[in-house]
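# Structural overview for review
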2 protein chains.
Amino acid sequence: MSELKQKIMSSVSHDLDSIEDALKQNLKPHLDLVATVAGHILFSGGKRLRPLLMVISARLCGYQGSYDKPFAAIFEYLHAATLLHDDLVDDAALRRGKSAAHTVWDNPTAVLVGDFLLARSLVLAAETGLPELIKVIAEITEDMSQGEIQQLSKKGDPGLTETEYLEIIHRKTAVLFQGACLAGALLAGADKISAKALAQYGLNLGMAFQMADDLLDYTIDTSAIGKNVGADLKEGKLTLPVIFALKSADSFDKQKMLKIIKDQNFNFVDFCSLIDLLNKYDGIDYTKQCAARYIKQAKKALMIFKPGKIIDIFLDIADYSLVRKL
Amino acid sequence: MSELKQKIMSSVSHDLDSIEDALKQNLKPHLDLVATVAGHILFSGGKRLRPLLMVISARLCGYQGSYDKPFAAIFEYLHAATLLHDDLVDDAALRRGKSAAHTVWDNPTAVLVGDFLLARSLVLAAETGLPELIKVIAEITEDMSQGEIQQLSKKGDPGLTETEYLEIIHRKTAVLFQGACLAGALLAGADKISAKALAQYGLNLGMAFQMADDLLDYTIDTSAIGKNVGADLKEGKLTLPVIFALKSADSFDKQKMLKIIKDQNFNFVDFCSLIDLLNKYDGIDYTKQCAARYIKQAKKALMIFKPGKIIDIFLDIADYSLVRKL
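Computed from a predicted model, the values in this text were never measured in an experiment.

Cut-offs applied
Residues numbered from 1 in each chain as written. Chains lettered and ligands numbered in written order. Predicted model: local features only at pLDDT ≥ 70, side-chain atom pairs only at ≥ 80, totals over all residues. Helix = DSSP H or I, 4+ residues; strand = E, 2+ residues; numbered from the N terminus. Buried ≥ 20, exposed ≤ 12 C-beta atoms within 10 Å, placed from the backbone. Least-squares fit on C-alpha atoms with pLDDT ≥ 70 in both. Contact = placed C-beta atoms within 7 Å. Nonpolar A, V, L, I, M, F, W, Y, C, P; charged D, E, K, R; others polar. Expected span 1.5 Å × (residues − 1). Arc of directions from axis to C-beta. Bend = angle between axes of the 7 residues up to and from the residue. Axes fitted to C-alpha atoms, helices over the stretch in contact; angles between N-to-C directions. Parallel < 35°, antiparallel > 145°, perpendicular 65-115°, else oblique. Left-handed = near helix turned anticlockwise from the far one by under 90°.

## Describing the environment of Lys306(A)
All names here are of chain A. Here Lys 306 lies in the loop between helix 15 (283-301) and helix 16 (309-323). On the neighbour-count criterion, Lys 306 (7 C-beta atoms within 10 Å) is exposed. Separated by 283 residues in sequence, Lys 306 and Leu 23 have C-alpha atoms that sit 31 Å apart.

Laid out in structure tokens, this is it:
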């Protein structure tokens, strides 16, 4: 474990334990099958970053009640629901090094248990009794589905622009980070300025987080991320490293890249030569710089708060999102 | 059109027009693909019964505002979302005489547009600003997913009991009818007794509605219902006519029925001989009687209200649900 990760973990280990409990306590399915399938995705080594963001956001805004962890489960259930559906949509074989749920069971089961988790998160949201918070959660769900649909409609399209890519990751990833931070502020009854600042932090962190995630697909070390080599590309997902390199490459190299991208059965050697081209045309570096810029914005948003232990956790999480290996 | 249907339609034609408008106005997708796929299922001749129940429930409780139709769209979006997912789960070819969305597009698109409609209905629910109403909608969604999962887990199981069948149709169908009526009452700020009575009406109507729907599968006249002959059975769905007949049949006839049920490629002659056995062992009649009993309960629940034009519509809808042909 990196030093930074260790530092974060030791600051929030108690919170993470409580979140883990809340995830178990609030699932409440009527059927064993739901518990098994939901458990397969929920308890498979997720980082619990989204619920954690809600918990520390509430704390930063002075929340002292005991509902932060149960309500934080909203964000992990919502996240798990989208993973179940997205893995089916992408026909992904692996998730966190385990077989994806739709391959262990089947598509119908993955669809319906995903629906259950989505509904469960909205029931929890409704239990807050805070219409503004509920609306945030419902709108996140709407945005995420549209982000996924947009991604699906651009599947395998080498003409995907950087602007479209940013729109997609904003909807499919960043809004959930933004919502988790904002929900913490709303639960704490924070003033508008604090709520807005936390939402800005979450949004920018989410953008950087997805870019870093997309970069991981080009690190080759599959055992670490628990996915197959070049999984994104095989699923027809063009991400920023590729989009930028395609735009910058000369005609000869561009054709070479397009050939690999279009051939979904590319082998390891093809993939390595693609990575070489991504490096040659600065696709990797450019993506790293973009992610770093979003992290800078995320940190800047927090400047309205007094420095202290909680702010340090936010800043460490921001830094960690750029260097994480899984 | 039957006389009863004509009577209902003339009483609510203005409401139905406004609901149709609300369904178009409130969809608001970012992407053309979402509009097209959602439109395929939303504007394909649905009866709009669920939103109508909310509108007339609100009116019965004295609602005079103008948000009844927009908020009633919640129930049609939710219904459409579950149809998209259920048709995929059941691998159904037809829906209302048209090709099911997952066959026109693909499974991923049907999953994600279903998610969008589910989310859209919850965003609308959140816009009511009424936490109690929002909770009703979220819990409906949770119940419906669990009803579908329970049905899936019992797929093709000839040991399905009447109690399990009742649990399944309660969750997958009746809670939505119940919720639509209850939501109307909540929107109108009705007293608890009125709200409970309307919820009881909806619940019982929903049970009867699903039983009548299940009976339609054994009427052979496919052109009317827009599905294939014996579609339920081919999807492994055992419904009350079959459950009751299997329980009552002698050993010889039971084996004959089980053979047809297990052979998903049964032909028209097999299906007709199954219907003969359902009639011989009163499966059809028993189901009709059960549905009629639920309708009696539905009507009884409304006895706390003063008789009048609106109550007549509720009573007509109850009667219609037993005799409808599609």
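## Looking at the relation of the copies chain B and chain A
Screw-axis analysis of chain B against chain A gives a translation of 0.0 Å along the axis, an RMSD of 0.0 Å, and a rotation angle of 180°. Considering both components of the superposition, the chain copies are consistent with a two-fold axis. If distances are taken from each C-alpha of chain B to the rotation axis, the shortest is found for Pro131(B), at 3.0 Å. With an isologous cut-off of 70% or more, the 100% of interface residues of chain B that recur at the interface of chain A puts this contact in the isologous class.

## Section: the interface of chain B and chain A
Contact residues are listed per partner, giving 38 residues for chain B and 38 residues for chain A. Elements with a minimum of two residues in the side of chain B that touches chain A: helix 2 (32-42), helix 4 (68-90), helix 6 (107-127) and helix 7 (131-153) of chain B. The dominant element in the side of chain B that touches chain A, judged by the number of residues it contributes, is helix 6 of chain B, at 15 residues. Per-class residue counts for the side of chain B that touches chain A are 21 nonpolar, 10 polar and 7 charged.

## Thoughts on helix 16 (residues 309-323) of chain B
Residue and element names in this part refer to chain B. Taking 1.5 Å per residue, 15 residues should reach 21 Å; helix 16 reaches 21 Å between its end C-alpha atoms and fits that length. Restricting attention to buried positions, one finds in helix 16 the residues Ile 313, Phe 314, Ile 317, Ala 318 and Ser 321. Summarising the axial view, the buried residues of helix 16 lie within an arc of 135°, below the 170-degree limit, and thus occupy one face. Exposed residues lying more than 90 degrees from the buried face of helix 16 are Lys 309 and Val 323. Taken together, the buried residues of helix 16 touch helix 1 (3-25), helix 3 (49-60), helix 9 (192-216) and helix 15 (283-301).

## What to know about helix 8 (residues 162-187) of chain A
Residues and elements named next belong to chain A. In a regular helix each residue adds 1.5 Å, so 26 residues correspond to 38 Å; helix 8 covers 35 Å between its end C-alpha atoms and thus fits that length. Along helix 8, the sharpest change in direction is near 45° and occurs at Ala 174. Looking one or two residues past helix 8, Gly 189 carries a phi angle of roughly 65°, positive in sign.

## Some remarks on unusual backbone geometry
Residues and elements named next belong to chain B. For Asp 91, which is not glycine, the phi torsion reads 50° and is therefore positive. Looking at where Asp 91 falls in the secondary structure, it is placed in the loop between helix 4 and strand 1 (94-95). Owing to 15 C-beta atoms within 10 Å, Asp 91 belongs among the partly exposed residues under this scheme.

## Topic: the environment of Ala72(A)
Residues and elements named next belong to chain A. Within the secondary structure, Ala 72 sits in helix 4 (residues 68-90). Spatially, the C-alpha atom of Ala 72 lies 4.5 Å from that of Pro 51, the residues being 21 residues apart in sequence. When residues no more than four places from it in sequence are discounted, the contact partners of Ala 72 are Ile 19, Ala 22, Pro 51, Met 54 and Val 55.

## Some thoughts on the packing of helix 6 (residues 107-127) of chain A against helix 7 of chain B
One way to put it is that helix 6 of chain A packs onto helix 7 of chain B with a least axis distance of 8 Å and a crossing angle of 160°. Here helix 6 of chain A is positioned roughly antiparallel relative to helix 7 of chain B, judged by the angle of their axes. Seen along the crossing, helix 6 of chain A lies across helix 7 of chain B with a hand that is left-handed. Residues Pro108(A), Thr109(A), Leu112(A), Val113(A), Asp115(A), Phe116(A), Ala119(A), Arg120(A), Leu122(A), Val123(A), Ala126(A) and Glu127(A) of helix 6 of chain A form the contact with helix 7 of chain B, whose participating residues are Pro131(B), Ile134(B), Lys135(B), Ala138(B), Glu139(B), Thr141(B), Glu142(B), Ser145(B), Gln146(B), Glu148(B), Ile149(B) and Leu152(B). Of the residues belonging to the contact of helix 6 of chain A with helix 7 of chain B, the class tally is 13 nonpolar, 4 polar and 7 charged.

## Examining the packing of helix 15 of chain B against helix 16 of chain B
All names here are of chain B. Closest axis-to-axis distance for the helix 15/helix 16 pair is 10 Å, and the angle between their directions is 175°. The orientation of helix 15 with respect to helix 16, classified from their angle, is roughly antiparallel. Contacts between helix 15 and helix 16 involve Ala 291, Ala 292, Ile 295, Ala 298 and Lys 299 from the first element and Leu 315, Ala 318, Ser 321 and Leu 322 from the second.

By themselves, these figures tell us nothing about what the structure is for.
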